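Inside the fold
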Amino acid sequence: MSSPRILMCPPDHYGIEYEINPWMNRSLGAVRELAFTQWKNLHHALLSLGVGVEAMTPRPGLPDLVFTANAGLVFHRTFLSSRFRHEVRARESPHFDAWFAANGYEVKHLPENMFHEGAGDALFCGDTLFAGYRTRSDATAHQWAGNALGVRVLPLELVNPRFYHLDTCFCPLAPGVALYFPDAFDAYGRRVLTTHVPTLIPVVEAEAHRFGCNAAVVGNTVVHNSRCPELAGSLVRAGYRSVEVELDEFLKAGGSAKCLTLRLDGEEAAGWKAVPNPGG
Ligand code: ARG
């Protein structure tokens, strides 16, 4: 099997320069050196797991470019570019589009009148795309993406502003297995999850607030933020290996391990059975 591939972007220009989610506070800016060390530790942890890490060129004036998960949705060789809700992040898209085009992907765009924030809000678990909407992405955009890629979409409303992207409160580990933070969803969303994901591992509130659900999965290993002992225990009991990397400087922007990575070859949990139109 070929080695997993992940896109990351070094934090040269990372910082808290605006406030677009409840975690961000300009007066509590990120500590540059520490952010670098934490990012490098994540990078190193992924390399040690045999991941081929591709690096984007960081750009001044784009402090959130480090969060590559939000670039778009990768499906086989198609890159469905995000339509960011906030203009400050929409400026990242030309850079992501250029990277994907240069690396042999077919770059597609959603219609202009809908928002979609890529793998931040759309995660495969088996061959179904679980899709978080309201705060950033629109339900209509998820339906559009599902039709464009030929996959089933299950929309989940995100009801807690602190968990504004689906990847902050839901993390597929394998087909039929996922971590989740129940309070980020309404009763209907929780019912959709329990019906369609047979093994749901709950994350406790304190650790959900440390973005324990925002984990990067590589094979049987789950890389997540530090000081999530209950999560680490649940993972081990479920047959996974937990690797902790402190990423608190990125928590200040509302991100952690998962948002700092974009899987290029299909995640462990992604079925990717549906074959896209030949040539399309
Ligand atoms: N500051 C970024 C934003 O609010 C953080 C994005 C984190 N990414 C994620 N997938 N949750 O857009």
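For the structure itself, consult the block above.
Read on for a plain summary of the structure. Note that this is a predicted model, so its numbers are computed, not measured.

What follows covers the overall build of the protein chain. Secondary structure summary: the protein chain contains eight helices and 15 strands in total. Over its C-alpha trace the protein chain gives a radius of gyration of 17 Å, about what one expects of a compact globule, namely 19 Å for 280 residues. Dimensions of the protein chain, computed from the C-alpha atoms along their principal axes, are close to 45 × 40 × 40 Å. The buried share of the protein chain, reckoned over its 280 residues, is 57%. Taking all contacts inside the protein chain whose residues are at least 6 apart in sequence as the whole, residues at least 24 apart take part in 69%. Computed over 25 positive and 29 negative side-chain charges, the separation of the two mean positions in the protein chain equals 2 Å.

Neither face of strand 6 (residues 122-125) is left uncovered, since the one carrying Ala122 and Phe124 and the one carrying Leu123 and Cys125 both have all their residues buried. Two strands pair when backbone bridges link them, and strand 6 and strand 7 (residues 128-133) are joined in this way by four bridges, in the antiparallel orientation. Looking across to strand 7, one finds that Phe124 is bridged to Leu129. Between the end of strand 6 and the start of strand 7, which pair antiparallel, lie two residues, with Gly126 showing a positive phi angle near 70°.

In this structure, Phe130, Leu166, Phe170, Leu173, Phe185 and Leu193 are the most contacted members of the largest nonpolar core, which totals 39 residues. Every element with two or more residues in this core is listed here: strand 6, strand 8 (152-157), strand 9 (170-174), strand 10 (177-180), helix 5 (187-196), strand 11 (199-202) and helix 7 (229-237). What Phe170 contacts, discounting residues up to four positions off in sequence, is Leu123, Phe130, Ala178, Leu179, Tyr180, Phe185, Leu193, Val197, Leu200 and Cys213. Formed by 31 residues, the second largest nonpolar core is a distinct cluster that contains Phe96, Phe100, Ala119 and Val153.

This brings us to the site of the ligand. Near the ligand, the surroundings consist of 16 residues, among which Asn21, Arg89, Arg136, Asp167 and Cys259 are the closest. One of the side-chain nitrogen or oxygen atoms of Asn21 is found 2.7 Å away from an oxygen atom of the ligand. Within the contact set of the ligand, a nitrogen atom lies 2.7 Å away from a side-chain nitrogen or oxygen of Asp167. Taken by itself the ligand offers 340 Å² of open surface, and the protein chains cover 100% of this. Its residues placed into classes, the shell around the ligand shows six nonpolar, six polar and four charged.

Right, let's get into the environment of Ala238. Note that Ala238 resides in the loop between helix 7 and strand 14 (241-244). According to the relative accessible area criterion, Ala238 is partly exposed, its value standing at 36%. A sequence separation of 14 residues divides Ala238 from Lys252, and the C-alpha atoms of the two residues are 30 Å apart.

With that settled, the discussion passes to the sheet that holds strand 4 (residues 78-81). Taken in spatial order, the three strands make up an open sheet running 3-4-5, and their pairing is mixed. Of all strands in the sheet, those with a lone pairing partner are strand 3 (72-75) and strand 5 (106-109), marking the two edges. On average, adjacent strands in this sheet sit at an angle of 25° to one another, irrespective of strand direction. Direction of pairing for strand 4 relative to strand 5: parallel, over a ladder of four bridges. What sits directly across from Thr78, in strand 5, is Glu106.

Pairing in this open sheet of three strands is mixed, and the strands run 9-10-11 from one edge to the other. Of all the strands in the sheet, just strand 9 and strand 11 have a single pairing partner and so form its edges. Neighbour-to-neighbour, the strand axes of the sheet open up by a mean angle of 25°, direction not taken into account. Note that strand 9 and strand 10 share four bridges and pair antiparallel. Across the sheet, Cys171 pairs through a bridge with Leu179, a residue of strand 10.

The rules behind these values
Residues numbered from 1 in each chain as written. Predicted model: local features only at pLDDT ≥ 70, side-chain atom pairs only at ≥ 80, totals over all residues. Heavy atoms only, no water. Helix = DSSP H or I, 4+ residues; strand = E, 2+ residues; numbered from the N terminus. Rg over C-alpha atoms; globule rule 2.2 N^0.38 Å. Buried < 20%, exposed > 50% of the residue type's maximum accessible area, 1.4 Å probe, protein only. Contact = heavy atoms within 4.5 Å. Lys, Arg positive; Asp, Glu negative; His and termini not counted. Charge placed at Lys NZ, Arg CZ, Asp CG, Glu CD. Pairing = 2+ DSSP bridges. Core = buried A, V, L, I, M, F, W, Y, C linked by side-chain atoms within 4.5 Å. Near = heavy atom within 4 Å. Polar contact = N/O pair within 3.5 Å; in protein donor to acceptor, adjacent residues only side chain to side chain. Areas by Shrake-Rupley, 256 points an atom, 1.4 Å probe, with all protein chains shown as cover. Nonpolar A, V, L, I, M, F, W, Y, C, P; charged D, E, K, R; others polar. Axes fitted to C-alpha atoms, helices over the stretch in contact; angles between N-to-C directions.

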